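Residue-level structural notes
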Amino acid sequence: FSGTNRFHGETTRIYLWWKPACERIHRYNPDMKLIAVLRDPVDRAFSQWNMEFNRGDETRDFGSAIQAELEQRTVDPEQQHRVFSYLSRGFYAEQIERFQQTFDPSQILWVMYQDLRRDPRSQLHRIFDHLGVDPRRHSETVPILNQGAYSAPLDKAQRRALINVFAEDIRRVGSLLDRDVRDWLI
């Protein structure tokens, strides 16, 4: 809060995933309150691919792009590519551990995307409470931003294959956050 009692914040989706960001954020303000929204990693990967494909930054079909990333991960699992990171951004366990090791747990609020979509009012109240903000002074609507068009729905066989890729990480996420994330395995 500034002297005018205004809340100041920023949102950037890549901060959780981009390895140098955590320490940089901590150096900037070690007392910062953080909010991380986690989406089903398969849905997140498909959404990112659609965004990059619609922008023209990705020319491969989803299956080819995923296969190329899987092959790249075997060659150099530490590489972080800003665009072609459909899968790697969805391996949340390492990201969660990095932030949990750097910040006090009370500074981080983990929000599940499906909870935010299903019950935005209660999730906004959790967010307001985390930030120490009076919810009566702010909007209780959640605008839908960056909603792009999908070229086609995700193929069921591709979904099942990607669930298998993410399964162990999903279980680790559930354990790290003490949350039920079994719906990500469906």
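Reading the values: the criteria
Residue numbers restart at each chain and count upward from 1, following the sequence in its written direction. For this predicted model, a pLDDT threshold of at least 70 governs which residues receive local features, and a threshold of 80 or more governs which side-chain atom pairs are given and counted, while totals over whole chains, interfaces and linings are taken from all residues. Side-chain measures were taken over the full set of non-hydrogen atoms in the model, leaving aside hydrogen atoms and water. Salt-bridge detection follows one rule: a side-chain nitrogen of Lys or Arg within 4 Å of a carboxyl oxygen of Asp or Glu. Only DSSP runs of H or I with at least four residues qualify as helices, and only runs of E with at least two residues qualify as strands; both kinds are numbered from the N terminus onward. Partly exposed describes any residue whose relative accessible area lies between the buried limit of under 20% and the exposed limit of over 50%, with all areas from a 1.4 Å probe on protein chains only and scaled to the type maximum. Aromatic rings from Phe, Tyr and Trp, taking only the six-membered ring of Trp, are treated as a pair when their centres fall within 6.5 Å; an angle between ring planes under 30 degrees marks them as stacked, one over 60 as edge-to-face, and anything in between as tilted. A pair of strands is treated as paired once DSSP finds two or more bridges between them. Any two residues whose heavy atoms approach within 4.5 Å are treated as being in contact. Here a polar contact means two N or O atoms within 3.5 Å. Within protein one must be a hydrogen donor candidate and the other an acceptor candidate, and residues neighboring in sequence count only if both atoms are side-chain atoms. Definition of nonpolar core: a set of buried residues of the types Ala, Val, Leu, Ile, Met, Phe, Trp, Tyr and Cys, connected through side-chain atoms within 4.5 Å. Axis angles are defined between N-to-C directions and span 0 to 180 degrees, where every axis is a line fitted to C-alpha atoms and, for a helix, only to the segment in contact. Here roughly perpendicular refers to angles of 65 to 115 degrees, roughly parallel to angles under 35, roughly antiparallel to angles over 145, and oblique to all remaining angles. When residues are grouped by polarity, Ala, Val, Leu, Ile, Met, Phe, Trp, Tyr, Cys and Pro land in nonpolar, Asp, Glu, Lys and Arg in charged, and all others, Gly among them, in polar.

Observations regarding the pattern of salt bridges
This structure, assessed with the given rule, holds 10 salt bridges. Here D115 ties to R179 by a salt bridge, and the two come within 2.6 Å at their closest N and O atoms. Of the two residues, D115 sits in helix α5 (residues 113-118) while R179 sits in the segment after α7 (156-177), which places them 64 residues apart along the sequence. Residue classification places D115 among the buried positions, given a relative accessible area of 15%. Within the structure, one salt-bridge network assembled from shared partners comprises K19, E94 and R98.

Description of the packing of aromatic side chains
For the structure on display, the rule yields 9 aromatic pairs. Ring geometry for F91 and F166: centres 4.7 Å apart, planes at 45°, overall tilted. With F91 in the loop between α3 (62-75) and α4 (92-102) and F166 in helix α7, this residue pair connects regions lying 75 residues apart in the sequence. Given a relative accessible area of 0%, F166 falls into the buried group. Between Y92 and W184, the aromatic rings sit 5.8 Å apart at their centres with planes inclined by 55°, giving tilted as the arrangement.

A look at the pairing of strand β1 (residues 34-38)
Judged by which residues are buried, β1 turns out to be one-sided: L34, A36 and L38 face inward and are buried, whereas I35 and V37, on the alternate face, are not. With 5 bridges joining them, β1 and strand β2 (residues 108-112) adopt parallel strand pairing. Residue L34 lies in a different strand from β2, and its bridge partner there is I108.

Describing unusual backbone geometry
A positive phi angle, near 50°, is found at D178, a position not held by glycine. Along the chain, D178 falls in the segment after α7. For D178, a relative accessible area of 71% puts it in the exposed group.

Notes on the pairing of β2
Burial analysis of β2 places 5 of its 5 residues in the buried class, the great majority of the element. Because side chains alternate across β2, one face comprises the buried residues I108, W110 and M112, and the other comprises L109 and V111, equally buried.

Quick look at the environment of R39
Topologically, R39 is positioned in the loop between β1 and α2 (41-55). On a C-alpha basis, the gap between R39 and G90 in space is 8.2 Å, while along the polypeptide they are 51 residues apart. Leaving out residues up to four positions away in the same chain, R39 has contacts with R44, S47, Y92, Y113, Y150 and W184. Side chain to side chain, R39 and S47 meet in a polar contact 3.3 Å long.

Section: the environment of Y150
Note on placement: Y150 falls in the loop between α6 (120-131) and α7. With relative accessibility at 38%, the residue Y150 sits in the partly exposed group. Once the C-alpha coordinates of Y150 and W17 are considered, the two residues, 133 residues apart in sequence, prove to be 24 Å apart. Ignoring sequence-local partners within four residues, the contact set of Y150 consists of R39, D43, F46, S47 and N50. At 3.3 Å, the side chain of Y150 and the side chain of S47 are in polar contact.

Observations regarding the nonpolar core
In this structure, L38, F99, W110 and W184 are the most contacted members of the largest nonpolar core, which totals 34 residues. Every element with two or more residues in this core is listed here: α1 (19-28), β1, α2, α3, α4, β2 and α7. Ignoring any residue separated from it by four or fewer positions in sequence, one finds L38 in contact with L16, Y92, I96, W110, V111, M112, Y113, Q114, L177 and W184. With 8 residues, the next largest nonpolar core counts L109, L124, I127 and L131 among its residues.

Considerations on the packing of α2 against α7
The geometry of α2 relative to α7 is characterised by a closest axis approach of 9 Å and an angle of 125° between their N-to-C directions. In terms of their interaxial angle, α2 and α7 are classed as oblique. Counted together, P41, V42 and D43 of α2 and R159, L162, I163, F166 and I170 of α7 form the full contact between these two elements. Looking at the contact of α2 with α7 residue by residue, the classes come out as 6 nonpolar, no polar and 2 charged.

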